[in-house]
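Residue strings, one per chain:
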Amino acid sequence: MKKTDKDFEKAIRNTLKGKKVPILVLDNRWHTLFPEGQKPSEVVELEKCVNILLKQQGHLVNELKELKKTKKKLMDGIVAGMNDTSVQSQKKKDNQQRLLLEIKERISEESDELMTIPSQIKRVNEDLLIVGAKYCFERLENGDRELQELTTEITALKEVLNEKSEYKAELEDSIDSAYSLMHGLLGHDIMNLFDKGKV
């Protein structure tokens, strides 16, 4: 009896518990599972989701690096101008502190967002693996059936080929014997006429 999709998904998810699954879109082995142009649309969509999440993660990592550099520059500027008490310097310090608070808030927000992405990638990547495994197992099952049919067909063709090869050999022997007998009985001159198609 065939398992339902839910049972299949549950079995795969249970098997994956505690195991680190490579990011499939980054693994060359994954792409060899699908013959050119035969990637199911569900696989294509999930791959797009994983790629979007990976790009988002990369963007956030780079953004956080830049924000932290900017934060350090602002803090260095604030420290450097601490002893300057002029009105213009105070305005500059106020502006720097406002920018510093904004940057700290952005760092906090983007750090929080960055913390959620790995679990999203893991979930979508596992969904992708489940869909890919289902496709692969169906392909294996259909391939086994097709292989059995081809094996049966090839065996039948081999039998026909053997029979025809045997018949060909018998026919060649029969023709050689008849030619040799006629050559012996009628002689060389008559057989030359036969060979030239005049008899």
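Conventions adopted
- Residues numbered from 1 in each chain as written.
- Predicted model: local features only at pLDDT ≥ 70, side-chain atom pairs only at ≥ 80, totals over all residues.
- Heavy atoms only, no water.
- Axes fitted to C-alpha atoms, helices over the stretch in contact; angles between N-to-C directions.
- Helix = DSSP H or I, 4+ residues; strand = E, 2+ residues; numbered from the N terminus.
- Parallel < 35°, antiparallel > 145°, perpendicular 65-115°, else oblique.
- Contact = heavy atoms within 4.5 Å.
- Nonpolar A, V, L, I, M, F, W, Y, C, P; charged D, E, K, R; others polar.
- Phe/Tyr/Trp six-rings, centres within 6.5 Å; stacked < 30°, edge-to-face > 60°.
- 1 Å grid on protein atoms, 1.4 Å probe; cavity = no way out; pocket = protein on both sides within 12 Å on 5 of 7 lines; lining within 4 Å.
- Points joined across faces, edges and corners; volume = space filled by probe spheres on them.
- Patch = residues over 30% accessible without salt bridge, like charges linked within 9 Å, V, L, I, M, F, W, Y side chains within 5 Å.
- Areas by Shrake-Rupley, 256 points an atom, 1.4 Å probe, with all protein chains shown as cover.
- Salt bridge = Lys/Arg side-chain N within 4 Å of Asp/Glu carboxyl O.
- Lys, Arg positive; Asp, Glu negative; His and termini not counted.
- Charge placed at Lys NZ, Arg CZ, Asp CG, Glu CD.
- Buried < 20%, exposed > 50% of the residue type's maximum accessible area, 1.4 Å probe, protein only.
- Expected span 1.5 Å × (residues − 1).
- Arc of directions from axis to C-beta.

*Asks:* What exactly am I supposed to notice about the packing of helix α4 (residues 87-186) against helix α5 (residues 188-195) here?
*Replies:* How two helices sit against one another is set out by the angle between their axes and by the gap between those axes. Taken N-terminus to C-terminus, the directions of α4 and α5 make an angle of 135°; their axes are 7 Å apart at the nearest point. With respect to each other, α4 and α5 are oriented oblique. Note on element contacts: α5 touches α4 through His188, Ile190, Met191, Phe194 and Asp195, opposite Tyr179, Met182, His183 and Leu186. Residues belonging to the contact of α4 with α5 are distributed by class as follows: six nonpolar, two polar and one charged.

*Asks:* Whenever I open this one, the packing of aromatic side chains confuses me. Can you help?
*Replies:* Aromatic rings in a pair are described by how distant their centres are and how their planes are angled relative to each other. Considering all chains together, one arrives at three aromatic pairs under this definition. Among the aromatic residues, those joined into a cluster by ring pairs are Trp30, Phe34 and Tyr135.

*Asks:* Help me out: how do you make sense of the layout of surface pockets in this one?
*Replies:* Over the atoms, a rolled probe matching the size of one water molecule traces out where space is still vacant. By volume, the second largest pocket amounts to about 210 Å³. What lines the second largest pocket is a set of 13 residues, among which Asp5, Glu42, Ile130, Val131 and Lys134 lie closest to the centre. Those elements giving two or more residues to the lining of the second largest pocket turn out to be α1 (5-16), α3 (41-80) and α4. Of the residues forming the lining of the second largest pocket, the biggest block, six residues, is contributed by α4. Residue composition of the lining of the second largest pocket, by class: six nonpolar, no polar and seven charged.

*Asks:* Sorry if this is basic, but what is going on with a negative patch on the surface here?
*Replies:* A surface patch of negative charge is lined by Glu159, Glu163, Glu166, Glu170, Asp173 and Asp176. Relative to the elements of secondary structure, Glu166 occurs in helix α4.

*Asks:* Help me understand the pattern of salt bridges, please; the structure alone is not making it clear to me.
*Replies:* Charged atoms that come close allow side chains of opposite charge to pair. Using the criterion set out here, one finds 16 salt bridges in the structure. As a salt-bridge pair, Glu63 and Arg106 come within 2.4 Å of each other at their nearest N and O atoms. Of this pair, Glu63 sits in helix α3 while Arg106 sits in helix α4, and the two are 43 residues apart along the sequence. For Glu63, a relative accessible area of 21% puts it in the partly exposed group. Across the pair Arg106 and Glu110 runs a salt bridge, and its minimum N-O distance is 3.7 Å. Separated by four residues within a single helix, Arg106 and Glu110 lie in helix α4, roughly one turn from each other. On the basis of relative accessible area, Arg106 is assigned to the partly exposed category, the value being 36%. One connected set of salt bridges, linked through shared partners, spans Glu9, Arg13, Lys122, Arg123, Glu126 and Asp127.

*Asks:* Just checking my understanding: could you explain α1 for this structure?
*Replies:* Residues lying three or four places apart along an α-helix face the same way, a consequence of the helix completing one turn every 3.6 residues. With 12 residues, α1 extends 16 Å from end C-alpha to end C-alpha; this agrees with the ideal 16 Å at 1.5 Å per step. Within α1 the residues assigned to the buried category are Phe8, Ile12 and Leu16. Projected down its long axis, α1 carries its buried residues within an arc of 70°, all on one side. The exposed set on the far side of α1, more than 90 degrees from its buried face, consists of Lys6 and Lys10. At its buried positions, α1 is contacted by α4. Looking one or two places after α1, you find Gly18, whose phi comes out positive at around 80°.

*Asks:* In this structure, what is going on with a nonpolar patch on the surface? I would like to understand it.
*Replies:* Together, Leu181, Met182, Leu185, Leu186, Ile190 and Leu193 give the surface a local cluster of nonpolar side chains, amounting to about 540 Å² of exposed area. Put simply, the parts of the chain that give the nonpolar patch at least two residues each are α4 and α5. Along the chain, the position of Met182 falls in helix α4. Met182 sits in the partly exposed class, given a relative accessible area of 35%.

That's the geometry; what it means functionally is another story.
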